[in-house]
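Reading the structure
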Amino acid sequence: MKCKKVERFLLRSFDKLFKEEEKNELKKHLETCALCHAKREEYQSIFDALKEKNFPEPKPYFWERLQPKLAKREKYDPWSLWKQWALRAIPASLLVVILFAAAIILFIPPQKEELSESENLLLRNRDTLQ
Ligand SMILES: [Zn+2]
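Keep in mind it's a predicted model, so treat the numbers as computed, not measured.

The subject of this paragraph is the overall build of the protein chain. Of regular secondary structure, the protein chain possesses 6 helices and 0 strands. Listing each helix as α and each strand as β along the protein chain from the N terminus yields α-α-α-α-α-α. Computed over the C-alpha atoms, the radius of gyration of the protein chain is 38 Å, more than 25% above the 14 Å expected from 2.2 N^0.38 for a compact globule of 130 residues. Considered along the principal axes of its C-alpha atoms, the protein chain spans approximately 105 × 55 × 20 Å.

Structurally, the position occupied by Val6 is in helix α1 (residues 3-15). On the accessibility criterion, Val6 (0% relative accessible area) is buried. Residues Val6 and Ala103, spaced 97 residues apart in sequence, show a C-alpha to C-alpha distance of 57 Å. Residues in contact with Val6, not counting those within four places in the same chain, are Met1, Leu26, His29, Leu30 and Cys36.

For the zinc ion, the full set of protein donor atoms is Cys3 (SG), His29 (NE2), Cys33 (SG) and Cys36 (SG), at a range of 2.0 to 2.4 Å. Relative to the metal, the 4 donor atoms surrounding the zinc ion lie at angles of 100 to 114°, and the coordination shape comes out tetrahedral. We note that the donor set of the zinc ion lies within a single chain, spaced as C-x25-H-x3-C-x2-C. Taken together, the residues span a long stretch of sequence, with Cys3 in helix α1 and Cys36 in helix α3 (residues 34-52) at a distance of 33 residues. We classify Cys3 as partly exposed; its relative accessible area is 35%. On the accessibility criterion, Cys36 (3% relative accessible area) is buried.

Rules behind the numbers
- Sequence order as written defines the numbering, with residues in each chain counted from 1.
- A pLDDT threshold of at least 70 governs which residues receive local features in this predicted model, and a stricter bar of 80 or more applies before side-chain atom pairs are shown or counted, although totals over entire chains, interfaces and linings include all residues.
- Only hydrogens and water are set aside when side-chain values are computed; all heavy atoms of the structure are taken into account.
- Secondary structure elements are taken from DSSP: a helix is a run of H or I of four residues or more, a strand is a run of E of two residues or more, and numbering for both begins at the N terminus.
- Two things to know: the radius of gyration comes from C-alpha atoms, and the globule rule equals 2.2 Å times the number of residues to the power 0.38.
- Relative accessibility under 20% of the residue-type maximum defines a buried residue, over 50% an exposed one, and the middle range a partly exposed one, all with a 1.4 Å probe and only protein chains included.
- By definition in these notes, contact holds between two residues if any of their heavy atoms fall within 4.5 Å.
- Atoms are scored as donors when they are N, O or S and lie within 2.8 Å of the metal, with 3.2 Å used for Na, K and Ca; no water is included, so coordination may look incomplete.
- Square planar and octahedral sites, with four and six donors, are those where opposite donors lie more than 155 degrees apart and all other angles lie between 65 and 115, tetrahedral sites have four donors with every angle between 85 and 135 degrees, and the rest are irregular.

What follows is the structure in structure tokens.
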């Protein structure tokens, strides 16, 4: 077993989510590897410190004060979620339309206009009959 794998196993070993063979493998590695052994000691001291900790009791009437606040909180409303989404989608779709229009204007070359003979003569001063 490699040290990297051992670290994952160490955490699981504290949760006691372990098969017997994994436990033996881990034990064997810990006997030979000083680094992992030290890591196990470190984890053990952290878990011990967490167990010793006395968590404070909530203040009196905590639940009595909390429950009306929870009841007052707005209920889940899918329509308001859609409205928020739509409001964000409007500027995004406008931006897409503007970019698309700009791309059309900038990147599509203007087609050459076919002018009639009189237009050629008048506008470009070109006589097509010559
Ligand atoms: Zn190791």
